[in-house]
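Architecture at a glance
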Amino acid sequence: MEIKGAIFDLDGTLTESGEGITKCVQYALEKLGRPESDLEKLKVFIGPPLMEQFMKYADMDEATARKAVEYYRERYKPIGIYETSLYKDGDIMLKRLKNAGKYLAIATSKPQAMAEEVLRYLGIYDYFDKIMGADLIGPRQSKKSVLEALFEEIENKDKSKYIMIGDTKFDIIGANLMKIDSLGVSYGYGNKKEMLELGALKVLDSTKEIADFLLN
């Protein structure tokens, strides 16, 4: 299998962003009178679209979930967005792939502008040929819809040449719906068994393993 392009999820795949995300969810729940002191429980918010997860986690209706997202961003924009770091040797992996001529893209459920800001903050923005995030307010929220928008802008649309790399079932499901191959990573926030059962080719344990696999 010749892989021309690697499409990366962001949170939990390239970036260790749990602190910022969970603290912002905690802040939003507190403002809505539904406090949660255990940040570990809030890690379920890393990966899926925020609105969907607020509705599921706290049994909120759509209007309340929308307000929760507003409160989340109230803390995220000035503080939470910077409570993140690059996974070990992530920059080395990207440099290896870029030097080998791979097309690199981002497909994330994080809003577009925020994704770009995180990538700039971590110094890896310039590695990517295309960055696609979710709408701040709009229909592009699911991984499938983000991937659809990405492929609308990719010049070479032969999906057999691309692979999705992510840390949760949402990445694998999105790839399946788009009929592209996928890889999971074990160091993020998802479940290895779940990703393999959904059809991930492999679940890798480090950024080095990602580069080794794609350059084989």
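If you're wondering where the values come from, they're calculated on a predicted model, not measured in any experiment.

**What about the overall build of the protein?**
- Regarding its fold elements, the protein presents nine helices and eight strands.
- Its C-alpha atoms give the protein a radius of gyration of 17 Å, within 12% of the compact-globule value 17 Å for 216 residues.
- Its C-alpha atoms give the protein principal-axis dimensions of about 50 × 30 × 30 Å.
- Every one of the 216 residues in the protein was classed for burial, and the buried ones make up 50%.

**Concerning the sheet that holds strand S1 (residues 5-8)**
- Here we have six strands laid out as an open sheet, ordered S5-S4-S1-S6-S7-S8, and parallel in their pairing. Since the sheet does not close on itself, it has two edges, and those belong to strand S5 (130-134) and strand S8 (203-204), each with one partner.
- With four bridges connecting them, S1 and strand S6 (residues 162-166) associate as parallel partners. Note on S6: the bridge partner recorded for Ala6 is Ile163.
- Across the sheet, helix H9 (residues 207-215) lies against S1, S6, strand S7 (181-185) and S8, angled at about 165° from S6, the strand it touches most.

**A few points about the nonpolar core**
- Grouped together as the largest cluster of nonpolar side chains are 48 residues, with contacts concentrated most on Phe8, Phe54, Tyr72, Phe128, Ile165, Ile210 and Leu214.
- For this core, the element with the highest residue contribution is helix H3 (residues 62-76), accounting for six residues.
- Within the second largest apolar cluster, 16 residues are counted, among which are Ile7, Ala105, Leu150 and Ile154.

**Things to note about the side chain of Gln53**
- If you trace the backbone, Gln53 turns up in helix H2 (residues 50-58).
- Excluding anything up to four places from it in sequence, Gln53 contacts Val44, Phe45, Pro48 and Ala58.

**Focus on the pairing of S5**
- Within S5, four of the five residues are buried, leaving the element largely enclosed by the surrounding structure.
- Since strand S4 (residues 103-111) and S5 lie parallel, the crossover through helix H5 (residues 112-121) that links them has a hand, and here it is right-handed.

**A short note on the environment of Asp205**
- Residue placement: Asp205 occurs in the loop between S8 and H9.
- Residues Asp205 and Leu150, spaced 55 residues apart in sequence, show a C-alpha to C-alpha distance of 26 Å.
- Separated by 2.6 Å, the side chains of Asp205 and Ser186 make a polar contact.

What counts and what doesn't
- Residues numbered from 1 in each chain as written.
- Predicted model: local features only at pLDDT ≥ 70, side-chain atom pairs only at ≥ 80, totals over all residues.
- Heavy atoms only, no water.
- Helix = DSSP H or I, 4+ residues; strand = E, 2+ residues; numbered from the N terminus.
- Rg over C-alpha atoms; globule rule 2.2 N^0.38 Å.
- Buried < 20%, exposed > 50% of the residue type's maximum accessible area, 1.4 Å probe, protein only.
- Pairing = 2+ DSSP bridges.
- Contact = heavy atoms within 4.5 Å.
- Axes fitted to C-alpha atoms, helices over the stretch in contact; angles between N-to-C directions.
- Core = buried A, V, L, I, M, F, W, Y, C linked by side-chain atoms within 4.5 Å.
- Right-handed = clockwise from strand over helix to strand, strands pointing away.
- Polar contact = N/O pair within 3.5 Å; in protein donor to acceptor, adjacent residues only side chain to side chain.

Functional significance is not addressed by these values, which are geometric in nature.
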